[in-house]
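Working through the structure, step by step
For reference, the chains in residue letters:
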Amino acid sequence: MKLKFFGLIIVSFMLLGVVNAIPYKWTSTVPITYVDISNIQDTEKLDYYLNSDNIVVIYTGNDFAMTPKTEAFLEYLGLVKSKNIVSSIPDFGNSTFVNSNSEVIPASYVYRDENGAYLYINSNDAAEKDTTTVYEASISSKIIDDGYYEIKPGKLFIPYNIDLENQDIVDFIGKYVALQGETFAYINKVPSNYDSVVINGIVVQNIIPDDNGESSISVADRKITVEVRDEDTINRKIAGVKAASEILGIGTTYVTTGSENIDIIKDSSITEDEKESLLNSYWFKKHYSDYYSHIKYNNYGNYPNTQDLLAMSYYPLIYMDKAPETFQDDPTGGYYPDTISYTGSESLGYWNEGAGSENSYYHYDGEDYWNDDETVTRDYWSVNGDFASMSEEIDFNDRYEYFEHWYVKNYAYAMTGGANGLLLFSSDDDLLDAVFNKYNKNITWKLNLEGIDYVVIPDYIGYDKINGIAVIKIPGLNNNEINGMHFIDEIYIEPQNEEYGIYVADVYEYSTNTLYDLNDNNTWICSFEEYAKWAENYKTSRIYIKNDTVYVNAEDNAKITIYKENITRVTGTSTELYDATGKLVIAKAPDTISLNN
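Since the structure is predicted, the reported quantities are computational estimates derived from the model, not experimental observations.

1. Focus on the side chain of Glu404
Checked against the element boundaries, Glu404 lands in helix α10 (residues 404-416). Lys446 provides the closest opposite charge to the buried, unpaired Glu404, separated from it by 7.3 Å. Of note is the side chain of Glu404, whose polar atom sits 2.7 Å from the backbone nitrogen of Trp445. With sequence-adjacent residues up to four places away left out, Glu404 is seen in contact with Arg399, Asn442, Ile443, Thr444 and Trp445.

Next up, the structure:
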């Protein structure tokens, strides 16, 4: 028999939102209880939730596994395993389909039909493989929205993991609360009059590893092939980005790979004539029409006064990655002594003249020797040019423990050079504990981050705070590597709902057209420093409802969303979006909002 589907709920752990994002600040006139079904002990407790006066949302968490107990809970909710499902997913007409490994599943959560409801539930079995089972509703019920199943009024079942960091979840709960005759409100995670957020940065790398590069530098008699950038070209590109940032009134972070770049970034500028020329060339196509516009630009009044400097390192990254303790005569202040250009040679070191730039320790990752007759069959550590012993290699591979002083000194120098933030290419616990001055029995050197506004680390997108310092997490930061040397090419992560996106690109790859496109699409483009400050303000904001009045404690530019059946516009406020059926978005929200107009 061919099944008639009323709804199908698909679980995909790739679509579960952002890890470690800032939870939404929300409030409701009716209590809301969220329950992971795996944490329910017995049917008596399940029955307690189903008969509670609260709105109850039961969901399957990330660790949900189909066991006899959880199957019994599902049956208690009126869901039984369907015996009519065939091996292939039924035809849903014109519905969109996506591939998930070897499966073909519908792309939407719900497919409506008058004959019933079917839920597609994902389970982590003992072999740690995701398995799916289709469950059929054996009792009369209804689907409220895509992906959400109503067991009975005020009681919902969602067959995947949820959290209140996801705007889709928050909006659904808000609409559902309004349908129950109550009021729900939350503070949006984007400023007023914006739809999304993108953190923006340009990476100033004077020299990067390049297998096809026309230049080489010598480190411990190893030949590292690199691309050397022209300083005048870098200056022009930075000046153009500064001008575009000023015209659009956006914040830009300048990411530096060495101390000399700080001066290049600070000194790059553009004349008023060049700025006006750039302004006159700023045309963009509106996303909702076929014509080009030339009206949206900044009047120079809102351009950030400070310049955000994010240090990838103080020493050149090539030395950071390849040769811990490269410099025998670390500077005790000021600049490196006897510095030379970025050309390098077999006889001259890259940074200091002569043997002063040679290293004690070096990690070989496949780069060439200057002597082409020599061959190596594996990656290895060397000490003063000789192979390290096996015991030494074991120690050196824990580089953030063994060379802790090298990394602490490097970032300390970056701080004295005027950096606002530090960028780490690893989330190793030893490195984080050294940088954030946390207790670690393996670490003795610690960094004092006083004066640093934020730290950027490679991880799933999210915002955190460690020892009072803002931490911004970006996936993919350490993806580009040649012969064990890191560099940044171009990273673009599209913003999802109100979770921040990322645009960070090398000075040669950076596109101001990307800024114009984002600006045209109502995106708040900000520096890392601006986002860290905004995120911290959001974390400390508050919202609650009492006597049909919404009270807001947040920054002046805060935006709030209110769900209430038949809501009306509020006099004396700026309406950003209004839906008479039950949704109101207020820009620059005042401290007190009366809903009894």
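2. Some points on the pattern of salt bridges
Applying the stated rule across the entire model yields 10 salt bridges. Across the pair Arg229 and Asp506 runs a salt bridge whose closest N-O atoms are separated by 2.7 Å. Taken together, the positions of Arg229 in the loop between β16 (222-228) and α4 (231-248) and Asp506 in strand β32 (residues 501-506) put the pair 277 residues apart, joining distant regions of the chain. By the burial criterion, Arg229 is buried, and Asp506 matches it. Each of the salt bridges in this network shares a partner with another, and the network as a whole consists of Glu227, Arg229 and Asp506.

3. Focus on the packing of α4 against helix α12 (residues 512-520)
Two packed helices can be described by the angle between their axes and the distance between those axes. Running from N to C, α4 and α12 point in directions that differ by 10°, and their axes come no closer than 10 Å. Classified by the interaxial angle, the pair formed by α4 and α12 is roughly parallel. Two packed elements cross with a definite hand, and for α4 against α12 that hand is right-handed. Within the contact between the two elements, α4 uses Val241, Ala244 and Leu248 and α12 uses Thr512, Leu515, Tyr516 and Asn519. A breakdown of the residues in the contact of α4 with α12 according to their chemical character gives 5 nonpolar, 2 polar and no charged.

4. What to know about unusual backbone geometry
Note on backbone geometry: most residues besides glycine have negative phi, and most peptide bonds are trans. Positioned with a positive phi, Asn497 is a non-glycine residue whose angle comes to about 50°. We classify Asn497 as partly exposed; its relative accessible area is 35%. For Asn547, which is not a glycine, the phi torsion comes out positive at approximately 55°.

5. Let's talk about the packing of aromatic side chains
Two aromatic rings are characterised by how far apart their centres lie and by the angle between their planes. Using the criterion set out here, one finds 25 aromatic pairs in the structure. Taken together, the ring pairs connect Tyr463, Tyr500, Trp524, Tyr531, Trp534 and Tyr538 into an aromatic cluster. Here the guanidinium or amino end of Lys242 rests over the ring plane of Tyr254, the centre of that ring lying 5.9 Å away.

6. Details of the sheet that holds strand β36 (residues 560-564)
Reading across from one edge, β1-β12-β36-β38-β37 is the order of the 5 strands in this open sheet, with antiparallel pairing throughout. Among the strands making up the open sheet, the edge pair consists of β1 (25-28) and β37 (574-579). Ignoring strand direction, the axes of neighbouring strands in this sheet form an average angle of 15°. Here strand β12 (residues 183-187) pairs with β36 via 5 bridges, running antiparallel. From the neighbouring strand, Tyr186 faces β36, where its bridge partner is Thr561. Its contacts with the sheet put helix α3 (residues 167-179) on β1, β12 and β36, and the angle it makes with β12 is roughly 155°.

7. Looking at helix α1 (residues 43-50)
Those residues of α1 that fall on the buried side of the exposure criterion are Leu46, Tyr49 and Leu50. For α1, the buried positions fall inside an angular range of 100° around the axis, keeping them on one side. Opposite the packed face of α1, turned more than 90 degrees from it, sit the exposed residues Glu44 and Tyr48. The backbone nitrogen of Glu44 lies 3.2 Å from a side-chain oxygen of the residue at the head of α1, namely Asp42.

8. A word on the confidence of the model for the chain
Across the chain, pLDDT averages 77, with 71% of residues at or above 70. Here residues 282-289 is modelled with pLDDT under 50, and outside its nearest four sequence neighbours on either side it reaches 25 contacts, counting other chains as well. With pLDDT under 50 throughout, residues 291-305 is counted as low confidence; its partners more than four residues away or in other chains account for 40 contacts.

9. A word on the nonpolar core
With 105 residues, the main nonpolar core has Leu422, Leu449, Ile472, Tyr531 and Ile560 as its most contacted residues. Listed in part, the 22 residues of the second largest apolar core include Ile238, Ile265, Leu309 and Leu515.

Conventions adopted
Residues numbered from 1 in each chain as written. Predicted model: local features only at pLDDT ≥ 70, side-chain atom pairs only at ≥ 80, totals over all residues. Heavy atoms only, no water. Helix = DSSP H or I, 4+ residues; strand = E, 2+ residues; numbered from the N terminus. Buried < 20%, exposed > 50% of the residue type's maximum accessible area, 1.4 Å probe, protein only. Lys, Arg positive; Asp, Glu negative; His and termini not counted. Salt bridge = Lys/Arg side-chain N within 4 Å of Asp/Glu carboxyl O. Polar contact = N/O pair within 3.5 Å; in protein donor to acceptor, adjacent residues only side chain to side chain. Contact = heavy atoms within 4.5 Å. Axes fitted to C-alpha atoms, helices over the stretch in contact; angles between N-to-C directions. Parallel < 35°, antiparallel > 145°, perpendicular 65-115°, else oblique. Left-handed = near helix turned anticlockwise from the far one by under 90°. Nonpolar A, V, L, I, M, F, W, Y, C, P; charged D, E, K, R; others polar. Phe/Tyr/Trp six-rings, centres within 6.5 Å; stacked < 30°, edge-to-face > 60°. Lys NZ or Arg CZ within 6 Å of the ring centre and 35° of its normal. Pairing = 2+ DSSP bridges. Arc of directions from axis to C-beta. pLDDT = per-residue confidence, 0-100. Core = buried A, V, L, I, M, F, W, Y, C linked by side-chain atoms within 4.5 Å.

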